[in-house]
Amino acid sequence: MVSLTHCDIVSAEQEIFSGDVKMVVAVGTLGQLGIMPGHAPLLTGLKPGPVTLRFEDDSEEVYFASGGYIEVQPGHVIILADTALRADDIDAAAAAEAEAEAKRAMTEQAGDLDFSMATSMLADATARQRTLEELRKRRR
C-alpha cells in the first residue's frame, strides 16, 4: 500500500494544484528536498525552479515556482510561491529571451539597484529554463 500526503501549490494569484501525492521534490534555500509521507515538519524558503510532484501511479507533473516558502506538516505539504505555473505553460522562447535580456541588463547597468534587479530577473529566467529542462527529461 502506498502512503500519500496532500499537497497544495498556491501563488499570489491562484491555487495551482491541490491533491494527494506520493512525493514532492523542490529546491529549498539549503538544498534539494524530497518530501514523502511521514516527513518531519519543516518550514524553509523555496528557491526559484522546478517543483516535481510524483503520484501514486508513479506519473509526475512538473511546476515552476519563482520562490516563496514550503511548509511540511503531518499529512500536508504547502508550497506558497510568489509565482507558480505548470511547466507546460512556460513559453520556451519567452523564457530564453528573458534570460538574454537579463544578461544584457547586467552588463549594461552600472547602478547597484539596476544590477540587483537584473540579477533577480536572471535568476527567474534561469529557473524557468531549468524547469523546462526538467520537464523535457521527464518526457524522454
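Provided above is the structure to which this section pertains.
Residues numbered from 1 in each chain as written. Predicted model: local features only at pLDDT ≥ 70, side-chain atom pairs only at ≥ 80, totals over all residues. Heavy atoms only, no water.

Both the distance between ring centres and the angle between the ring planes are used here to describe each pair of aromatic rings. If you walk through the whole model with that rule in mind, you get 2 aromatic pairs. Consider the rings of Phe 17 and Phe 55, whose centres lie 5.9 Å apart with planes at 55°: the pair is tilted. Residue Phe 17 is located in strand S2 (residues 15-21), and its partner Phe 55 is located in the loop between strand S6 (49-54) and strand S7 (60-65); the two are separated by 38 residues in the primary sequence. The pair Phe 17 / Phe 55 is uniform in exposure class, with both members buried. (Phe/Tyr/Trp six-rings, centres within 6.5 Å; stacked < 30°, edge-to-face > 60°. Helix = DSSP H or I, 4+ residues; strand = E, 2+ residues; numbered from the N terminus. Buried < 20%, exposed > 50% of the residue type's maximum accessible area, 1.4 Å probe, protein only.)

What follows deals with the side chain of Thr 5. In this fold, Thr 5 is placed in strand S1 (residues 5-11). Since its relative accessible area comes to 4%, Thr 5 is described here as buried. For Thr 5, the side chain forms a polar contact with the main-chain oxygen of Gly 75, separated by 3.3 Å. Polar contacts involving the side chain of Thr 5 include one to the main-chain amide nitrogen of His 76, which spans 3.2 Å. Not counting residues within four places of it along the chain, the set of residues in contact with Thr 5 comprises Gly 19, Asp 20, Val 21, Pro 37, Gly 75, His 76 and Val 77. (Polar contact = N/O pair within 3.5 Å; in protein donor to acceptor, adjacent residues only side chain to side chain. Contact = heavy atoms within 4.5 Å.)

All right, on to the pattern of salt bridges then. Scanning the entire structure with this criterion turns up 2 salt bridges. Among the ionic pairs, Lys 22 bridges to Asp 58, the shortest N-O distance being 2.3 Å. Taken together, the positions of Lys 22 in the loop between S2 and strand S3 (23-28) and Asp 58 in the loop between S6 and S7 put the pair 36 residues apart, joining distant regions of the chain. Judged by relative accessible area, which is 18%, Lys 22 ranks as buried. (Salt bridge = Lys/Arg side-chain N within 4 Å of Asp/Glu carboxyl O.)

The next subject is the pairing of strand S9 (residues 76-81). Burial along S9 is one-sided: the face carrying Val 77, Ile 79 and Ala 81 is buried and the face carrying His 76, Ile 78 and Leu 80 is not. Across 6 bridges, the pairing between S1 and S9 is parallel. Across the sheet, the residue bridging to Asp 8 is Ile 78, located in S9. Of the strand pairs in this sheet, strand S8 (residues 68-73) and S9 are connected by 6 bridges, and their pairing is antiparallel. Across the sheet, residue Gly 68 finds its bridge partner in S9, namely Ala 81. Linking two consecutive strands that pair antiparallel, namely S8 and S9, is a turn of 2 residues; a positive phi of about 80° is found at Gly 75 within it. (Pairing = 2+ DSSP bridges.)

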